[in-house]
Amino acid sequence: MQQRPAPRLRAALEQIGAWVLDQPVPPPLEGQCCDRLRPMQIQRELLHSLDANGLEPSAVVEWRWDAHQGHVKGWLWQAGALQRFRWWRHSGQLSLHEQLRCINATPLHALN
């Protein structure tokens, strides 16, 4: 014979179930907050592609793999410029867009 939960217990369980279903869905993981967005095999291929394009692989500041689009996007630092990049894994195409250029200047001198 199966026992039914007491009415108070049943009401409490229904409240808990409604609360769990009412919770917001967590936002998708982006950037460096999750290593599954930066798989090691993709990183090796990216660094090899950067080297083949004459860029220093060590210049990568940050990157993220987009599995749906099949590309990596991120930031490179090269020759005093911060560049946004996008690299398509299957075609090997690389696009760079300069965002910020840093220029060394002499310090200001006080006028007498």
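Residues numbered from 1 in each chain as written. Predicted model: local features only at pLDDT ≥ 70, side-chain atom pairs only at ≥ 80, totals over all residues. Heavy atoms only, no water.

**Points about the overall build of the protein chain**
Applied cut-off: The secondary structure listing takes helices from DSSP runs of H or I that are at least 4 residues long and strands from runs of E that are at least 2 residues long, numbered from the N terminus. Between buried and exposed lies partly exposed: a residue is buried under 20% and exposed over 50% of the maximum accessible area for its type, with that area taken using a 1.4 Å probe on protein chains only. Contacts are residue-level and defined by heavy atoms, with any inter-residue pair within 4.5 Å sufficient. Reported accessibility uses the Shrake-Rupley method at a 1.4 Å probe radius. Residues are deemed covered only where the shown protein chains occlude them.
From N to C terminus, the protein chain includes 2 helices and 4 strands. Helices (α) and strands (β) of the protein chain occur, in sequence order from the N terminus, as α-α-β-β-β-β. Here the protein chain, with 112 residues, has 22% of them falling under the buried criterion. Of all intrachain contacts in the protein chain linking residues separated by at least 6 positions in sequence, the fraction that spans at least 24 positions is 27%. Carbon and sulfur atoms make up 55% of the accessible area of the protein chain, which amounts to about 9300 Å² in all.

**Points about the nonpolar core**
Stated formally: For this analysis, a nonpolar core means a set of buried residues of the types Ala, Val, Leu, Ile, Met, Phe, Trp, Tyr and Cys, connected via side-chain atoms within 4.5 Å.
Judged by nonpolar contacts, Ile42, Leu46, Leu50, Leu55, Ala59, Trp63, Trp65, Val72, Leu76, Phe85 and Trp87 together constitute the single largest core of 11 residues. When contributions to this core are tallied by element, the ones reaching two or more residues are helix H2 (40-52), strand S1 (60-66), strand S2 (71-78) and strand S3 (81-88). Counting residues per element, this core draws most heavily on H2, which supplies 3 residues. Those residues within four positions of Leu55 in sequence are excluded, and the remaining contacts are Leu50, Leu76, Gln78, Leu94 and Leu96.

**Re the environment of Leu47**
Relative to the elements of secondary structure, Leu47 occurs in helix H2. Owing to a relative accessible area of 27%, Leu47 belongs among the partly exposed residues under this scheme. For the pair Leu47 and Ser58, spaced 11 residues apart in sequence, the C-alpha to C-alpha distance is 8.2 Å.

**A few points about the sheet that holds S2**
The line we're drawing: Note on pairing: two strands pair once DSSP finds at least 2 bridges between them. Axes here refer to lines fitted to C-alpha atoms; in helices the fit is confined to the stretch in contact. Angles between the N-to-C directions go from 0 to 180 degrees.
Within the open sheet, the 4 strands sit side by side as S1-S2-S3-S4. Their pairing is antiparallel. The open sheet is flanked by S1 and strand S4 (94-101), the only strands paired with a single partner. Going from strand to strand, the sheet's axes swing by 15° on average, the running direction of each strand aside. As paired strands, S3 and S4 are joined by 7 bridges and run antiparallel to one another. Note that in S4 the partner of Trp87 across the bridge is Leu94. Packed on one face of the sheet, H2 meets S1, S2, S3 and S4 and runs near 125° to S1.

**Some remarks on the pairing of S2**
By the bridge criterion, 6 bridges tie S1 to S2 in an arrangement that is antiparallel. Counted as the bridge partner of Glu62 is Trp75 from S2. What sits between S1 and S2 in their antiparallel hairpin is a turn of 4 residues, with Gly70 showing a positive phi close to 70°. Between S2 and S3, which pair antiparallel one after the other, the connecting turn spans 2 residues, and Ala79 there sits at a positive phi close to 50°.

**Here's the deal with H2**
Stated formally: In a helix, the anticipated span is given by 1.5 Å times the number of residues less one.
Between the first and last C-alpha of H2 there are 18 Å, a value that for 13 residues agrees with the 18 Å anticipated at 1.5 Å per step. Looking at the buried residues of H2, the elements they touch are S1, S2, S3 and S4.

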